[in-house]
Amino acid sequence: MPPKSVPLPAKPSKPYFFYGHRKPSQNRPVVYGGLFSNRQVLKPPQSPLPPSPPFDLRKWDPHHLSQNPSPPPITTPHQHSKLSPIARFIIDAFRKSQYTWGPSVVFELNKLRRVTASLVAEVLKVQDDPILASKFFHWAGKQKGFKHNFASYNALAYCLNRNGRFRVADQLPELMDSQGKPPTEKQFEILIRMHADKNRGQRVYYVYQKMKNFGIKPRVFLYNRIMDALVKTGYLDLALSVYEDFRGDGLAEESITFMILIKGLCKAGKVDEMLEVLGRMREMFCKPDVFAYTAMIKILVSKGNLDGCLRVWEEMRRDGVEPDVMAYVTLVAGLCKGGRVQRGYELFKEMKTKGILIERVTYGVLIEGFVKNGKLGSACGLLKDLIDSGYRADLGIYNPLIEGMCDVKLIDRACKLFQVTVQEGLEPGFATVKPMLLAFAEMRRMSDFCKLLEQMQKLGFSVNDDLSKFFSFVVEKGERTIMAVRVFNELKVKGYGSVRIYNILMGALHKTGKVKQALSLFQEMKDLNFEPDSSTYSNAIICYVEDENIKDACICHNKIIEMSCVPSIDAYYSLTNGLCKIGEIDAAMMLVRDCLGAEKVMEVLNEMMQEGLPPDNIICSAIISGMCKYRTIEEARKVFANLRTSKLLTEANVIIYDELLIEYMEKKAADLVLSGLKFFGLESKLKAKGSTLLSR
């Protein structure tokens, strides 16, 4: 037996340091290994940006901002790790020059021995400054022996579009043609896809027309993309003209081509034209499936075209396509919401016959439809069917039933249903109890009304807030205002009442011409020690003016001012009109200035706050300057008081601004006195007496 060979000791592997992967060749495949090739890039802690040079206002030119564009977002280390060393060198040159093209950048780039088109494309893919990218692209094109390829042109198009310069990107085909590189269908496809993703339908059509001018015919795929973008953005006529070109080029439609047109025609309500396209689709042996038919029905339902929905349903039956649960549910919901609940119920029974699982939502839609049509018995029958099917009804089902029962004065049954919602832990809200409260009020069953309020309080309702909502709902119809006042008269004896309810009733009484009753409510409110707010006083101002009691109207106005609030526009208008009628023109003009001052300022400030721009020192200084210019110091104080109430200014800041306001106003007054002295030539007399007032 030959002796066993002794294994040689393993030769220690030589460390191999390799960055990235080397270029493959015939005898050397791509190498991804190496000691450092799979290293992870750790994100360094964010350090503050380098200090910018001091700002010199004298050198600032707001009309040439493009010469100093703001630096683009810094490329992440992960993106840098994917770049080649030369591309990193170019990006670093941009960074050193603060992303501004100039001699320093050109000097760094001229150090490169050779720039390739693939390198240009690599740099442009991570560049977020379109101006810098365009200048680098132009610089590379002027290098000796350099020619841009499709990749560099495409990278520039992506860069321009990514940074909002899509109109410039649309001119790249002409640039390519002028540089001896005629564009292909791929370049136009890129532009069309960019515009389609951003819903720019007209730009899609513009690029398509340009494509035709270059003599390039799109493929079926690109035609579909163009028509789909035009249909989605509402340009159906343009999509149909593109379809005519499609047919003129002798191309054969795909099923998606037909569906794009059918969806567009459904959106436009052109059912006859849609059926013509559907017939053409059948001739091409690409019959729509159930998903396509469901999509048509859904579009027509959203447009309220129920006749079109039923015609599509018949076409689906004609093609032998069996509707699924989604098709049924979509059509049933559309019919019920459109008032054709009986037709929807027929489809519902058809679903049950076929053994299709019916969701609770479908029951809810049918129940709500029957209630609206006054068929309460059918709605209750569906509720029983729902429960027998193993479902639990939710508030979306109980609320319409309760409202329907209250409408036909079956209030006791509605209360039983309400108790069911409580027992099942559904947490009913104001929408559930509102119809019952209204029914009790109309039937004058105030004891039951109060019992319901007590139960609401036990369930955690905010009774006063809900009563305010209730009275707001009741007085929407002017003829129910008297009933609302009667109900409130009985409720306030039991301790229910609030300033907001008084305001609602005062406003409603004024609208119905019952000014005396509104003022009696105002007086009663004060007698019961309710503290009126600005809305109360604003309502009182309007009523007092109509009652020709201008004095009390002015007292109410002053009360609002003392509260550091602003009267309503209607109150301003009414009081100004009343003052003009009695000849108090100066007082009326002061009110006009008052209204235009504080109200407009607060309107602008509210808009700023909605945009997330809280008032700063500059804004507050502008308020002080503007208000003092028109001698309305009190209006400035109102604005600051409102900002304090809105918690946008602290109490300390309000005090500071008030002191600044007084100081600024005193300065303006002093300037006015000095101007008067100079105007009347009293300077010499003051100087003769040794006054230094005018030398300041």
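Counting of residues starts from 1 at the beginning of each chain's written sequence and follows it residue by residue. Residues qualify for local features only when their pLDDT is at least 70, as the model is predicted, and side-chain atom pairs are given and counted only at 80 or more; totals for whole chains, interfaces and linings, by contrast, use all residues. With hydrogens and water set aside, each side-chain value is computed from the structure's full complement of heavy atoms.

Draft legend 1. Representation of the overall build of the protein in the model. The way it works is that DSSP assigns letters per residue, a run of H or I at least four long becomes a helix, a run of E at least two long becomes a strand, and they are numbered from the N terminus. Helix and strand content of the protein: 36 helices and zero strands. For the protein, buried positions account for 40% of its 696 residues. A 1.4 Å probe rolled over the protein chains alone gives each residue an accessible area, and that area as a share of the maximum for its type sets the label: buried under 20%, exposed over 50%, partly exposed in between.

Draft legend 2. Geometry of the UniProt feature "repeat: PPR" (unreviewed entry) in the protein. The UniProt record marks residues 149–183, 219–253, 254–288, 289–323, 324–358, 359–393, 394–428 and 498–532 with the feature "repeat: PPR" (unreviewed entry), using the residue numbering of this structure. Here residues 289–323 runs as 74% helix and 0% strand, with 9 Å between its end C-alpha atoms. Across residues 324–358, helical content stands at 77% and strand content at 0%; the span's end C-alpha atoms are separated by 11 Å. UniProt positions are given in the numbering used here, feature names are shortened, and annotations may be inferred rather than shown by experiment.

Draft legend 3. Structural context of helix α27 (residues 499–511). Helix span, as expected, comes to 1.5 Å for every residue beyond the first. The end-to-end C-alpha distance of α27 is 19 Å, a good match for the 18 Å that 13 residues give at a rise of 1.5 Å each. Along α27, ten of the 13 residues are buried, which leaves the element largely enclosed by surrounding structure. Buried within α27 we find Val499, Ile501, Tyr502, Asn503, Ile504, Leu505, Met506, Gly507, Ala508 and Leu509. Structurally, α27 contributes buried residues whose contacts are with α25 (463–474), α26 (481–491), α28 (515–527) and α29 (534–546). Should any heavy atoms of two residues lie within 4.5 Å, those residues are counted as being in contact.

Draft legend 4. Here's a closer look at unusual backbone geometry. Phi is positive for Asn199, close to 60°, though the residue is something other than glycine. Note that Asn199 resides in the loop between α9 (185–197) and α10 (201–213). By relative accessible area, which is 55% here, Asn199 ends up exposed. Backbone geometry at Lys409 places phi at a positive 65°, although glycine is not the residue there. Examined against the element boundaries, Lys409 turns out to sit in the loop between α21 (395–407) and α22 (411–423). Of the residues examined, Lys409 reaches a relative accessible area of 42% and is grouped as partly exposed.

Draft legend 5. The packing of aromatic side chains, seen in detail. To pair, rings of Phe, Tyr and Trp, with the six-membered ring standing in for Trp, must have centres within 6.5 Å; the planes then decide the type, stacked if under 30 degrees apart, edge-to-face if over 60, and tilted in the middle. As enumerated under the stated definition, the model contains 20 aromatic pairs in all. Through a chain of ring-to-ring contacts, the aromatic side chains of Phe449, Phe470, Phe471, Phe488, Tyr502 and Phe530 assemble into a single cluster. Note on criteria: charge over ring means Lys NZ or Arg CZ within 6 Å of the ring centre, with the direction from the centre no more than 35 degrees off the ring normal. Against the face of Tyr206 rests Arg203, its NZ or CZ located 4.7 Å from the ring centre. In this arrangement the basic side chain of Lys434 is found over the ring face of Phe473, its NZ or CZ atom lying 4.3 Å from the centre.

Draft legend 6. How the structure looks around the side chain of His148. If you trace the backbone, His148 turns up in the loop between α5 (130–141) and α6 (150–162). Residue His148 is classed as buried on the basis of its relative accessible area, which comes to 9%. Between N or O atoms, a polar contact is any pair within 3.5 Å; within protein, one atom must be a potential hydrogen donor and the other a potential acceptor, and residues adjacent in sequence are included only when both atoms are from side chains. Separated by 3.1 Å, the side chain of His148 and the backbone oxygen of Phe137 make a polar contact. Engagement of the side chain of His148 in a polar contact is seen with the side chain of Ser152, the distance being 3.2 Å. In this view, His148 contacts Ala117, Val120, Phe137, Ala140, Gly141, Tyr153, Gln179 and Lys181; residues no more than four positions away in its chain are not counted.

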